[in-house]
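# A look at the structure
These are the residues of each chain, in order.
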Number of protein chains: 2
Amino acid sequence: MLSQVVELIEKKKAFAITTHIKPDGDGLGSSLGLCWLLKSLGKDADVIVRGEVPPAYRELPGADQIRDVSYLNGKYDAVFVIECSDLERPGIEGLADAVTVNIDHHSTGDQFGTINWIDPTASAVGEMIYNLCKAIGGRITKEIAECVYMALVTDTGSFHYSNTTDRTLKVASELVKAGAKPAEISGAVYNNYPWSRIELMRRVLDTVKRDETGKVASMRQTLRMRQESGAIDGDNNGFVNIPLAARDIVAVVYMREIEAGKYRVSLRSKGSINVAKIAEKFGGGGHRNAAGLQVEGDWDLREAELVGILSREIEAQEEGDAADKR
Amino acid sequence: MLSQVVELIEKKKAFAITTHIKPDGDGLGSSLGLCWLLKSLGKDADVIVRGEVPPAYRELPGADQIRDVSYLNGKYDAVFVIECSDLERPGIEGLADAVTVNIDHHSTGDQFGTINWIDPTASAVGEMIYNLCKAIGGRITKEIAECVYMALVTDTGSFHYSNTTDRTLKVASELVKAGAKPAEISGAVYNNYPWSRIELMRRVLDTVKRDETGKVASMRQTLRMRQESGAIDGDNNGFVNIPLAARDIVAVVYMREIEAGKYRVSLRSKGSINVAKIAEKFGGGGHRNAAGLQVEGDWDLREAELVGILSREIEAQEEGDAADKR
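Bear in mind that the values here come from a model prediction, so they are computed numbers and not experimental data.

## Thoughts on the interface of chain B and chain A
- If you look at the interface, chain B gives 38 residues, while chain A gives 38 residues.
- Tallying contributions element by element places helix H5 (residues 166-177) of chain B first for the side of chain B that touches chain A, with seven residues.
- Split by residue class, the side of chain B that touches chain A holds 20 nonpolar, nine polar and nine charged.

This is the structure we're talking about:
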């Protein structure tokens, strides 16, 4: 819990901070924000992350000093592990032997840390880093503000998602007061795509269609589309939400060809339609409104099958709702 | 100014509130928020707007009680005119004879009101309505909170634009505390499109291309695309920003055919590239990073001309920047 984290920081001197592989805005923003906080308290601190930092986060203060995983060695008093469900997620060897501080806002992870500070009411770990700064009597510097604002913006989908609370917005306000620039930070995330994303989007969007109920949309990405557009990892992030933004669409099936006859499928839904349950039947998983799975075989048949399951689910739900009203 | 507005509300009893035609989230949200505030103070108040309320705003509390323009008559003590540059913008006859209160956050409009309260530091008129509520000692009810949150979200592009300040986010936080639900309000705006928008988007996006510098993107909408997709007004809002989200794209030319050989053009840019100046040369206008104009003639030629002007502008700017650094 928080008081243990404060005590540990006050007692020790040298800290490493890490987050999960394929780090996102909350993982990196919170890690860098914590690093700046520790340094402002006169501590030694390094952020250590496996793999490349995505372009959206390269302008964050301190991003150019992120260390490679080989840098972790016995010289740290403790390692902060940010937003990880278990000790394997950072992809760093030797963590099991270290004093670790598990900081997360998901309640579903392992309690793997020497200290575990889990706050599922926080919209992002960034919000927790802000609270830590306040609890320890630190000052929100411009660097901390910029990093933590990035964490909030990305994990709340620009304050769109239902995890956005009055506290999230209050913290965001304090961060802007301390020097974070909303337009610059949002721009780094949302105006920082390679052109290949646009090329891929036009091709994928050209396959979009609705089923006969008008409530389920489907969309495809072929291997050839990726080649033609020179797409890189991450280029198709968010595509699945484009048809979901239509008023009458309740669910989306987005299939990506990973090799001939093999497809990665993203399912999205609105409201009470539970796509995680459907994904689980196919060996996949996820949340109620966002899930993933893999299927093999004939593309048209597999797509029709998934669209059919979803449209029957929607129909059943609507019948249930209608019955409730009677 | 604010004190005069407070005094007028305290002295008078019956108020009308209006905003510009083709009302947006700030115009409608602020008008409805003010209406709820006046009612909570025991006053009589009606919102009167010309034309249809767009779908995104129909779920706002009070939206179903918005009056048609024919409803304005002599019985109001004063008329609030929200976010209008002049007294013609609401499209309502008889306003010139009324006591009017001009409330706006743009400093470029006429001082047409009996009272003029203009605050260019406010991100949205919604922020001013919140300040009015506080100044007059009102309580932020759930209804006021929902309407004003809509105003903030739409006028700041979900807290993306550079008009987002720490005060904007502080007010947003207070509104959420008072009952506004960020996910519901954002969903009403961003997940409320007709399917025709998706159909139009796929067609328009299929025309996107870059010039040889890789810095200017262009895109087209033909009359036929509108017909084929069954598009309605507003369906193409935001399309111009899709290519602008690519890292290397500095400017976008988006041409829409309004009749054979006649095109409405949207220009967008990043940073210091001033598209308003370019638009003005063609009889159009706008802001530094967003402007519009109309051209006639051969589509390819007109497009090439505009793309050429923009790419030369970008080149000149980059040379200037390089010279500054030397």
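## Some remarks on the nonpolar core
- Among the nonpolar cores identified, the biggest contains 120 residues, and Val-148 and Tyr-149 of chain A together with Val-148 and Tyr-149 of chain B are the most heavily contacted of them.
- Look past the residues within four positions of Tyr-149 of chain A in its chain and what remains in contact with it is Ala-172, Leu-175, Ala-180 and Ile-185 of chain A.

## Some remarks on the sheet that holds strand E9 (residues 262-269) of chain A
Residues and elements named next belong to chain A.
- The sheet built from six strands is open, its strands ordered E6-E7-E8-E9-E11-E10 with mixed pairing. Every other strand in the sheet has two partners, leaving strand E6 (209-210) and strand E10 (285-286) as the edge strands with one partner each.
- Here two bridges tie E10 to strand E11 (residues 290-296), and the two strands are oriented antiparallel to one another. Across the sheet, Gly-286 pairs through a bridge with Ala-291, a residue of E11.
- Strands strand E7 (216-221), strand E8 (251-259), E9 and E11 of the sheet are contacted by helix H11 (residues 299-325), whose axis makes an angle of about 160° with E8.

## With respect to the domain arrangement of chain A
- Looking at chain A, the domain boundaries give domain 1 (2-190) and domain 2 (195-325).
- Between the C-alpha centres of domain 1 of chain A and domain 2 of chain A there is a distance of 32 Å.

## Re the confidence of the model for chain A
- With 100% of its residues at a pLDDT of 70 or more, chain A has an overall mean of 94.
- Confidence metrics for the complex model read pTM 0.90 and ipTM 0.89.

## Here's the deal with the sheet that holds strand E11 (residues 290-296) of chain B
All names here are of chain B.
- As summarised here, the arrangement of the six strands in space is E6-E7-E8-E9-E11-E10, forming an open sheet in which the pairing is mixed. Whereas interior strands pair on both sides, the edge strands pair on one side only; in this sheet they are strand E6 (209-210) and strand E10 (285-286).
- As paired elements, strand E8 (residues 251-259) and strand E9 (residues 262-269) share eight bridges and run antiparallel to each other. Across the sheet, Glu-257 pairs through a bridge with Tyr-263, a residue of E9.
- This element, helix H11 (residues 299-325), spans strand E7 (216-221), E8, E9 and E11 of the sheet and lies at about 160° to E8.

Conventions adopted
Residues numbered from 1 in each chain as written. Chains lettered and ligands numbered in written order. Predicted model: local features only at pLDDT ≥ 70, side-chain atom pairs only at ≥ 80, totals over all residues. Contact = placed C-beta atoms within 7 Å. Helix = DSSP H or I, 4+ residues; strand = E, 2+ residues; numbered from the N terminus. Nonpolar A, V, L, I, M, F, W, Y, C, P; charged D, E, K, R; others polar. Core = buried A, V, L, I, M, F, W, Y, C linked by C-beta atoms within 7 Å. Buried ≥ 20, exposed ≤ 12 C-beta atoms within 10 Å, placed from the backbone. Pairing = 2+ DSSP bridges. Axes fitted to C-alpha atoms, helices over the stretch in contact; angles between N-to-C directions. Domains from an automatic or database assignment. pLDDT = per-residue confidence, 0-100.

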